[in-house]
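# Breakdown of the fold
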Amino acid sequence: MKNNTYVKQILDLNEKIENRRELHKAVAPILQTMGTDKSFWEEVFKRNLNDKGFLDYKWSMYDIPFLYVYECDDFYLKIHLFTALESKEKNILASAIHHHNNYLLTSFAAFGSGYETFIFDREPKFNKETKEVQLKIRERFKQKDRKVHMVDSWEPHAVINPETLSATLVFWSPETKLATDKLRSNPFLKAVKKPLRQLIYLLGMDRKLGIAAKETYQWYPHKDKFYGILEDEFFAPTKTQVGPDVNNYSIQTVFYFMQKMGFTDKAYFEKLKADKNTPAYYLPWIDKILANEPIPETYAKSEINIPGKRITAEEVERVNKLTNG
């Protein structure tokens, strides 16, 4: 979507504004305008459904159902879809407490109830031996009260499952614009990515070169303290959940969202149905749109890979009070 008017505006700002945090501030109002423009959403839907890369994407339960908008070496734009719990139980976290390493994230709550989020102080003290971490809540707010907000690099945060399906328009970028950013798309370096990363970690240059830490942790409350779990361990079960059921869940979520957004262009969906590139598991949802039938809602997973299998907002608040006074 590089020729989209809004994307062009962001590309122009990207060239003019060196400071990445200032760039995010400048992009925020554009996200709001994009997210309320019906023609923008129609273009996003069609661009994704016409894109073989999106059609052939191998979904896993690690993925948040999404749609692409634009991606380059300096930033990327996506739409993330957050599903509700089938039980409609309130104050249950969607995942563990986490950060995005050296990336800045600005989100616009574009559709649905929106989620609630915790933001913690940046770069908390962490004991690798005991796995205890000194997290401190800085704020808790609902998206509907702050529709555009930025999560800083290395800033722990957590999302509480929304009441209804919610879509966020997200803008990501590294916290610093580096000369090495363009190397991420270099095909030779991609081929030697693993040994190159090991060398960078050995030299202690990961943060200087703007790559993720060698060991990244997610955090959770347990009894009266916060503890860490390696991301590789935390995500392992969901990354291995792949196959027809997961593909169907992900695309059902996308089609449910499109229908709720009022995208029901029958002539377009007739062509999509006839296109040989369209995966077979798309067809039942296309048929429902063509027949004016409601697509069933999908739901968030009820358990996550931590001791206790779930985190409540009340528990986060309680442990925060115990450990910070």
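Coordinates for the structure precede this section.
Reading the values: the criteria
- Residues numbered from 1 in each chain as written.
- Predicted model: local features only at pLDDT ≥ 70, side-chain atom pairs only at ≥ 80, totals over all residues.
- Heavy atoms only, no water.
- Core = buried A, V, L, I, M, F, W, Y, C linked by side-chain atoms within 4.5 Å.
- Buried < 20%, exposed > 50% of the residue type's maximum accessible area, 1.4 Å probe, protein only.
- Helix = DSSP H or I, 4+ residues; strand = E, 2+ residues; numbered from the N terminus.
- Contact = heavy atoms within 4.5 Å.
- Salt bridge = Lys/Arg side-chain N within 4 Å of Asp/Glu carboxyl O.

### Here we look at the nonpolar core
With 53 residues, the main nonpolar core has Met34, Val69, Leu77, Phe255 and Phe269 as its most contacted residues. Considering every element that reaches this core, the biggest residue donor is helix H8 (residues 244-260), with eight residues. Not counting residues up to four positions away in its chain, the partners in contact with Leu77 are Val7, Ile10, Leu31, Met34, Tyr68, Val69, Tyr70, Val170 and Phe171. Residues Phe118, Ala158, Phe226 and Val316 belong to the second largest nonpolar core, which totals 23 residues.

### Re unusual backbone geometry
Excluding glycine, residues mostly carry a negative phi; peptide bonds, for their part, are mostly trans. Notably, Asn91 is not glycine yet its phi reads approximately 65°, a positive angle. Note on placement: Asn91 falls in the loop between strand S2 (76-82) and strand S3 (103-111). If you check the backbone angles, Trp154 has positive phi at about 60° while not being a glycine. Its location among the elements puts Trp154 in the loop between strand S7 (148-151) and strand S8 (157-160). Overall, the relative accessible area of 6% leaves Trp154 in the buried class.

### Things to note about the pattern of salt bridges
In total, this model carries 23 salt bridges according to the counting rule given. The partner of Asp12 in a salt bridge is Lys16, with the nearest N and O atoms 3.0 Å apart. Of the two residues, Asp12 and Lys16 are both situated in helix H1 (residues 5-16); the distance of four residues between them amounts to about one turn of the helix. The class for Asp12 is partly exposed, based on a relative accessible area of 38%. Residue Lys52 is joined to Asp56 by a salt bridge in which the shortest nitrogen-to-oxygen separation is 2.6 Å. Under the relative-accessibility criterion, Lys52 is labelled partly exposed at 47%. Several salt bridges share partner residues, and in doing so they unite Arg21, Arg122, Asp152 and Glu175 into one network.

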